[in-house]
Amino acid sequence: MDSVLIVSNTNTTLGIISDMLNVGTFSRITTTQNCAEARRDLIDNTFDLIIIDSPLPDELGDDFALYASEQTDAGIILIVNSNILADISENVEDAGVFVLPKPVSPEFFYQAVKLLVASRRRVMSLEDENQKLQKKIEEIRLVDRAKCVLIQYLNMTEPQAHRYIEKQAMDLRQSRLVTAENILKTYEN
């Protein structure tokens, strides 16, 4: 993680949060003072962490937190007054937004950031694994379709079609996926 967006309407809070984050592993810290600017920043940049200090001049901050959770894969922390913590938390927790009460001690804030960073890394790792599995499933589907085409047009058995695809891939030094795609291009057009 290296990029953070801080949304707060007071310069002192922006400074305090920036100082707490500079100790960590963040190299790019962007600050804005309202949600409209923050929305523009989300269009132009990607962020690993978004910290929202509520309330803001143009909205409370929970709507922006929900918007950010839909538009990005960033970790999101929303800091709210303790008297509305339960209501706001109920509203945004399903979107994966961490809600912290004001005032936040530096130790508690630091632990929340660390927890969010760790959970985000875990989610990103699972998403990468999911993408790899999706590609593998797609490859299996294409190879199976190519086998069906060989069975249909060349009257091969399933083991013969499997062996043919494996041998073609090996002989032509290409993946089974490319071999299957070539078979499908040949017989399905």
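Residues numbered from 1 in each chain as written. Predicted model: local features only at pLDDT ≥ 70, side-chain atom pairs only at ≥ 80, totals over all residues. Heavy atoms only, no water.

Student: I tried to follow the pattern of salt bridges on my own but got confused; where do I start?
Tutor: Should the charged atoms of two oppositely charged side chains come close, the side chains can pair. Here the structure, examined in full by the defined rule, presents ten salt bridges. A salt bridge links D53 to K102, with the nearest nitrogen and oxygen atoms 3.0 Å apart. Of the two residues, D53 is situated in strand β3 (residues 49-53) and K102 in strand β5 (residues 97-102); the sequence distance between them amounts to 49 residues. Take D53: its relative accessible area is 5%, and that puts it in the buried class. The exposure class assigned to K102 is partly exposed, which follows from its relative accessible area of 25%. With a shortest N-O distance of 3.5 Å, R120 and D73 are connected by a salt bridge. Here D73 lies in the loop between α3 (62-71) and β4 (75-81) and R120 lies in helix α5 (residues 106-154), a separation of 47 residues in the sequence. (Salt bridge = Lys/Arg side-chain N within 4 Å of Asp/Glu carboxyl O. Helix = DSSP H or I, 4+ residues; strand = E, 2+ residues; numbered from the N terminus. Buried < 20%, exposed > 50% of the residue type's maximum accessible area, 1.4 Å probe, protein only.)

Student: Explanation requested: the side chain of T179 in the structure shown.
Tutor: Note that T179 resides in helix α7 (residues 176-188). Given the relative accessible area of 2%, T179 is considered buried. At 2.9 Å, the side chain of T179 and the side chain of Q174 are in polar contact. Every residue in contact with T179, bar those within four places of it in the chain, is listed here: I165, Q168, A169 and Q174. (Polar contact = N/O pair within 3.5 Å; in protein donor to acceptor, adjacent residues only side chain to side chain. Contact = heavy atoms within 4.5 Å.)

Student: Got a minute to help me understand α7 in this structure?
Tutor: In an α-helix, one turn spans 3.6 residues; hence positions three or four apart end up facing the same way. With 13 residues, α7 should cover 18 Å at 1.5 Å per step; its first-to-last C-alpha distance of 17 Å lies within 8% of that length. Looking at α7, one finds that the buried residues are T179, A180, I183 and L184. Down the axis of α7, the buried set is contained in an arc of 135 degrees. They therefore lie on one face. Those residues of α7 that are exposed and aimed more than 90 degrees away from the buried face are K185 and T186. Buried positions along α7 lie against α5 and α6 (158-171). (Expected span 1.5 Å × (residues − 1). Arc of directions from axis to C-beta.)

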